Each structure stands twice: as C-alpha cells, then as structure tokens.
Amino acid sequence: MDVLRRSAPLDLTADVAPAVLRAVRGAMWPRLLVGFVALLAAVLLGLALGPASIPLDATIRILLSHLPGVGLDSDVPVTWRTIVWEVRLPRVLLAGIAGATLAMSGATYQGVFRNPLAEPYLIGVATGAALGATIVVVSGVDLSVGGLSALPLAAFAGALVSVIVVYGVARVGSTVPATTLILAGVALSSLATAITSYLMLQNTSNTLSVFSVVLGSFNTAGWTKIAWVLPYAVPSAAVILAHGRVLNVLSLDEEQARGLGIDVERTKLILLGAASLASAAAVSVSGTIGFVGLIVPHAVRMMWGPDNRALLPMSILLGAAFLIGADVIARMADRPSEIPVGIITAFCGVPFFLYLLRRARGAY
Amino acid sequence: MTQSPLVDRSLPAGAGSPGPEAVPLLQVRDLVAAYNRNSQSAGSRSRARTALRGVSLSVAPGEVVGLVGPNGSGKTTLIRAVTGFVRPVSGEVRLLGDDSAALSSRDRALRAAVVPQEPLLPDAFTALEIVLMGRTPHLTLLQSEDAGDVAAAERAMRATATWEFADRPAGELSGGERQRVVVARALAQEAPLLLLDEPTAHLDLGHQAGVLELMRRLCREERRGVLAVVHDLTLAAQYCDRLVLISSGEVVAQGTAAEVLRRGVLRAVYGAAVDVFPHPQTGLPVVAPSAAER
C-alpha cells in the first residue's frame, strides 16, 4: 500500500521542493486515472448488464451516437437504445451521483468530527433526511418551484436537525468520540425511522413512494430525479473540494487549527452544512443507503494516505463507481426481482464498520 | 536591522523593528480571563476553574520571556487568551500594537505562532505535511503550498532536527519527536511572536537545551519575540532574558532571573522547600529542592 503512496524514497539532499512534496504525498494524476478508469468501467457495466443483456460494443455505440454528428447505432435494435438511454443511463448516473455524494460527505464528516466512524447513515443524517422527505411526500403538497424540487430541501432540513442534535449531544470538549457519536446517531436514527414508519402507516395511499425513500433504491430513477439532485450536489461538492487543505488542518485539534489561523467554528459550519445538503439531496432521490460514506473514504485512505486534497476527489470518483457496482448487483443477484441497494451496501459495510470500531480508540 | 527573511512582508510597517521605541510584539494589560469550559480540550479538566486576575506583561522584539509558576496558576490560560482560544473577560491583548480581539484568526496567526501543550497530531500525516500546515495563514482557500512554502518548512525542520524523519507518519514518532515537529510547524509559520506552552515537556536534556537555544537565536538574529511556559526554573533562568512568575492568576514577580527566583518567593509560591544558588559558570540562579529540611 505504501508503495502507491510514496513513489520514491525521500531524497533529503534534493532542494527541489515539488519533488519533495511528490515524494511525501505521491503524484496526483495516477490516482485520478485509477478513479476515472474504475468509474468508466462501472458505468459501462451498469449500462450493459440487466434483465436484458446488451453487448458492450452496442452499449458504447448507443452512447456515442448521442454525441452530435455521430451515428453508429443504426443497426442496434430500438428497444436496446431505449433501455440504455431511457432506463439504464439515468439509473446509473443517479447511482453514481448518490455514491459520489455520500462518499464525499462521509469523508467530510470524518474530517470535521475527527472521527473515523462518522458517516451520513451512522450519524443519523440520512434517516433525518428521509424523515424530512417523508413529511413532504405524505403531506402531498407539490413543492417544486420552477423545475427545482423542494424535496431535497425538506430532506436537508431533516438532515440539519440530525447533525446539530448529534453533534451537540456527542461532543466532548473539541472532539467527538467515536462511541458517543455512534450512540447519539443510532438513537436519533431510531426516532426518525419510527416517525417515518408511523407516517407511512397513516398514509397508505403514498406508502409506495415513502417506501422507496426509506429503503434505498434506484428503480424509480429517471432524468427528472437527476435534475432534482444536481443543483444541490454540485455546489456542495464545489464548497467541500475547495476546503481540502483546510480540512487537513482541522484534523489537528481545535486549538492548533485556531493557532494556524483557521476560523474553526465558521469552517465547521460551512463544511457540515455542505455535507448535510449533499447527503440530503442524495437521500431524497435514492433513499437511505448506508455505509458508502464509510467504506469508500477508508479504502482511499488506505491506498493513498490522509491528505483531503486527494481523499475528497478520489472518494467522489470511487464512491460513484462503488454504488453503481452495488446497484448492478442489486438488480442482477435475484432476477427477475430486485434487492434494495441499501442491503448490498450494508453487507459490504457492516463487517468493515465492526473492524474500524475495534480499531478506533476515540482519537483520530 | 536587517530585514529578516522569516518575517512576513504583509505585516504592518514598523512591526518588529528594533530600538527602545519599537512596538512590543505582545502587550497584555490587566487581563482577566476565566477558563472557557466549552472549548476545553478533554485532557485539561483540572484547570477548568483557573482564572487570570489582572495580568500585565509584554514581550519586545528580540527577547525571550519565560512564564513560570505552579500547576494551575494560569500559564496555559494566558497563552490561550493571547491566541484567542480563551476569550478574556476584561483587559486587553495587543499583538504588534493591534487589539487581538479585533483581528481575524488569520491575522492573529500571521503575528503569533503557538506551540500548545500536548497537541494531538493526526497519526497518518507525515512530519513534513504537519510542518507545512504551519503555512496555513499564508495561503488563501484555494492555494496549495508552493516551493517557497516547502523551503520554509525545510528551514524550520532543519533547525529543529526533524528533517531526517520528514517522510515518517506522526503516529510512528516518539513523544519528543512529535513535540519538535510542532515547534518546527510554529517556526514555518514565520510569525514574529512565538508562544510556547511547555515546549520542552517531553524532551531529553539535549533537546530541551536545543529548543531553547534555538529560540534565543531567533530572538537575537531575527528580532523575534518568545513567550515560553517553562516548568524547569533552572532551565528558564539559563535561557530566558526575563521571567514572569505567576501564581493563582496573578503576577507575583517579573524581571531578570536573579530578581524573580528568590528563595522566599519560591517557597511561598510553590509551597516547597527549595534553595537558590548561583551557577558556578554563568552566575545565573539554579533552583534545587532541599530535601534535608523535610
């Protein structure tokens, strides 16, 4: 693992600063290449696999034909074209956006809370968001304004309440110990889930749409949902990516971060707000999908080290690839019916979570 | 004075300039502070009720001031009040002439670098990465460290003998090595004022002397100022230009080591049987426990 991180031993006689930095941090472009290749592979798999298997070359030709001036799909059956472009592509993209968003939020929560176990689902943000979304769905009001759905905003309100309550309860001094964070998150999650279930039982007419919010799934994906989530996910990602270096400084304790000139309270507020908005947007279109925000950032850290300037973009790329892959398994494992994708991520994530829990000793 | 390459150019003109009329790097006047429980780090509960009750002191360019006093006397609170980590109840703190409360965190970090007591370091970051974090106040949000920043980190790490393990993760370093890394980070910050809260706590005799010797050199050669909490009174006497002795949040004595470290005062403040005698070579006071009296 270390080999990937340090391409060469540190040459202490060299006064060439960029080389020293690369030696300590590793070069950025090979990682990005790995990320993009993994993502591309996952996308193609997600488009080609399903109840109707479509050959990979046909899939690629259908995709390319949507570029202006390219017409390579004349010999491809129309049904295949519809399946790839209208059914699978939105689903793959939505899974990708949700995975990227959840992994990025997980990495951000882990940095801000200085806690390796922080993750949108485990700290109750996802269930809080689901409750917020459920209230809107159940109330039946149409809150879309100019094509922009308010569902993510309602989810954001729920997520924000969760993160504030959990942070307030779990905080000891300037750090948030793993145990209290997870306990507070689980307690709050149980409450939010209980209320959501109650609302579901009271409003049987909307049960189906609420059900898809509670149990994560992409089987209702469409281009409209992508249009819902992007206006929230993209700005959040921009804000978080801009704070990569600052997030490194926050991994010191609060006193040191202040001493280095960081406005700690303001920065935490910005980052928690952005991470919560991003995860809420993901939850409002895909439901509560756990553990993506735990597995992906940790895998990235093991491979390429803790620098958030690499961790955040790599979590975005590999988070997207991971959830697209999990969704492929979700629709292929038990054909012709589908397994909710949240079950697949839980299967991967829980053993990993238990392993980290044993290792974590409060400090990070 | 030769313009120090280590002092940031963005600081106001005249800051850190020599001569008796120079603006003090640090000026604390009638400072009253209660420990802020909310921002208290987990390990320091014992000092929760300590307060400062009207403390005044100053640090001029080129001088090393030692802050001494018993456990819980308010030394750490004073350092934290200067950095803004603890908000004063009344009184004022001026950094290079400017009211500290009115400065942004970044402007404060450009004026004063701090080495806190027992700082937590993230295990996975390498020593060089941690020292480079010292460049934070010099960088805007989207900037990354450039060659100049690495050069500053390298200078700081060579001065603290930490460069040889620059690529080792903090989790693999010993307590003393980590402490020197934090000192290096404060040097890389290139602030005219250095605040050190027991920088020598985990160091052996050689490295203790090394760090304090380095502080003295920075003061002499670059006209920086140092305020250091030092527990070992003999060590403080050898390396500090002036000492400030505080007890129960009040200044009991300040001046040269010979003026402050007097047998009667120390016995009263520390409640321990000690004797003070001059060092055979330097003539500076040596403080030794005198067990014979028990």
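Residues numbered from 1 in each chain as written. Chains lettered and ligands numbered in written order. Predicted model: local features only at pLDDT ≥ 70, side-chain atom pairs only at ≥ 80, totals over all residues.

We now examine the overall build of chain B. When its secondary structure is counted, chain B shows 9 helices and 12 strands. Within chain B, the fraction of its 294 residues that count as buried is 48%. Partitioning the contacts of chain B with sequence separation of at least 6, the portion at a separation of at least 24 is 68%. (Helix = DSSP H or I, 4+ residues; strand = E, 2+ residues; numbered from the N terminus. Buried ≥ 20, exposed ≤ 12 C-beta atoms within 10 Å, placed from the backbone. Contact = placed C-beta atoms within 7 Å.)

Another point: the confidence of the model for chain A. When pLDDT is averaged along chain A, the result is 83; 85% of the residues meet or exceed 70. Taken as a whole, residues 1-9 of chain A scores under 50 in pLDDT and shows 15 contacts with residues more than four places along the chain or in a different chain. (pLDDT = per-residue confidence, 0-100.)

Strands in a sheet are paired, the pairing made by backbone hydrogen bonds, and the direction either parallel or antiparallel. Residues and elements named next belong to chain B. As summarised here, the arrangement of the 4 strands in space is β2-β1-β4-β5, forming an open sheet in which the pairing is antiparallel. In this open sheet, the two strands that pair with only one neighbour each are β2 (51-59) and β5 (98-99). Pairing of strand β1 (residues 26-34) with strand β4 (residues 90-95), which is carried by 5 bridges, proceeds in the antiparallel orientation. Residue pairing for β4: leucine 26 is matched across the bridge by leucine 95. Running at roughly 115° to β1, helix α1 (residues 75-83) makes contact with β1, β2 and β4 of the sheet. (Pairing = 2+ DSSP bridges. Axes fitted to C-alpha atoms, helices over the stretch in contact; angles between N-to-C directions.)

All names here are of chain B. Here strand β6 (residues 112-115) shows two buried faces, one formed by Ala112 and Val114 and the other by Ala113 and Val115. Bridge count for β6 against strand β7 (residues 193-197) is 4 bridges, and the pairing is parallel. Directly across from valine 115, in β7, lies its bridge partner leucine 196.

Our next topic: the environment of threonine 180 of chain A. Residues and elements named next belong to chain A. Tracing the sequence through the fold places threonine 180 in helix α8 (residues 178-202). Taking the C-alpha atoms as reference points, threonine 180 and alanine 98, separated by 82 residues in sequence, lie 27 Å from one another. The residues contacting threonine 180, other than those within four sequence positions of it, are Ala170 and Val172.

With that settled, the discussion passes to the sheet that holds β6 of chain B. Residues and elements named next belong to chain B. Strand order in this open sheet of 6 strands is β6-β7-β8-β3-β9-β10, and the pairing throughout is mixed. At either end of the open sheet lies a strand with only one pairing partner, and these are β6 and β10 (250-255). Taken over all neighbouring pairs, the strand axes of this sheet differ in orientation by 15° on average, direction set aside. Along the sheet, α1 contacts β3 (64-68), β6, β7, β8 (225-229) and β9 (242-247); its crossing angle with β7, the most-contacted strand, is approximately 145°. Along the sheet face, helix α5 (residues 175-188) touches β6 and β7 and points at about 175° away from the line of β6.

Time to look at the environment of arginine 263 of chain B. Within the secondary structure, arginine 263 of chain B is located in helix α9 (residues 263-270). Those residues in contact with arginine 263 of chain B that lie beyond four places of it in its chain are Val274, Asp275 and Val276 of chain B.

Residue and element names in this part refer to chain A. With their axes 8 Å apart at the nearest point, helix α15 (residues 308-332) and helix α16 (residues 341-359) run at an angle of 115° to one another. The interaxial crossing formed by α15 with α16 has right-handed handedness. Within the contact between the two elements, α15 uses Ala326, Asp327, Ile329 and Ala330 and α16 uses Val341, Ile344 and Thr345. Residue classes in the contact of α15 with α16 are distributed as 5 nonpolar, 1 polar and 1 charged. (Left-handed = near helix turned anticlockwise from the far one by under 90°. Nonpolar A, V, L, I, M, F, W, Y, C, P; charged D, E, K, R; others polar.)

With that settled, consider α1 of chain B. All names here are of chain B. Burial analysis of α1 places 9 of its 9 residues in the buried class, which makes it a mostly covered element. Among the residues of α1, Lys75, Thr76, Thr77, Leu78, Ile79, Arg80, Ala81, Val82 and Thr83 are the ones counted as buried. Phi turns positive one or two residues past the end of α1, at glycine 84, with a value near 85°.

The biggest cluster of nonpolar side chains holds 194 residues, and the ones touching the most others in it are Ala155, Leu181 and Ala278 of chain A together with Val131 of chain B. Looking at this core element by element, the count peaks at 16 residues for helix α5 (residues 78-113) of chain A. When residues no more than four places from it in sequence are discounted, the contact partners of leucine 181 of chain A are Phe113, Asn115, Leu117, Ala118, Ile123, Val166, Ala170 and Val176 of chain A. (Core = buried A, V, L, I, M, F, W, Y, C linked by C-beta atoms within 7 Å.)

Residues and elements named next belong to chain A. The end-to-end C-alpha distance of helix α6 (residues 125-139), which contains 15 residues, comes to 21 Å, matching closely the 21 Å that a straight helix rising 1.5 Å per residue would cover. Counting buried residues in α6 gives 12 out of 15 residues, a clear majority hidden from the surface. Every buried residue belonging to α6 is among Val125, Ala126, Thr127, Gly128, Ala129, Ala130, Leu131, Gly132, Ala133, Thr134, Val136 and Val137, and all of these are buried. (Expected span 1.5 Å × (residues − 1).)

In this section: the packing of α6 of chain A against helix α7 (residues 151-170) of chain A. All names here are of chain A. The interhelical angle for the contact between α6 and α7, taken along N-to-C directions, is 140°, at an axis separation of 7 Å. Classified by the angle between their axes, α6 and α7 sit oblique to one another. Helix-helix and strand crossings are classified by hand; for α6 and α7 the assignment is right-handed. Listed contacts from α7 to Val125, Gly128, Ala129, Leu131, Gly132, Ala133, Ile135 and Val136 of α6 are Leu151, Ala154, Ala155, Ala157, Gly158, Ala159, Val161, Ser162 and Val163. Taken together, the residues that form the contact of α6 with α7 break down as 13 nonpolar, 4 polar and no charged. (Parallel < 35°, antiparallel > 145°, perpendicular 65-115°, else oblique.)

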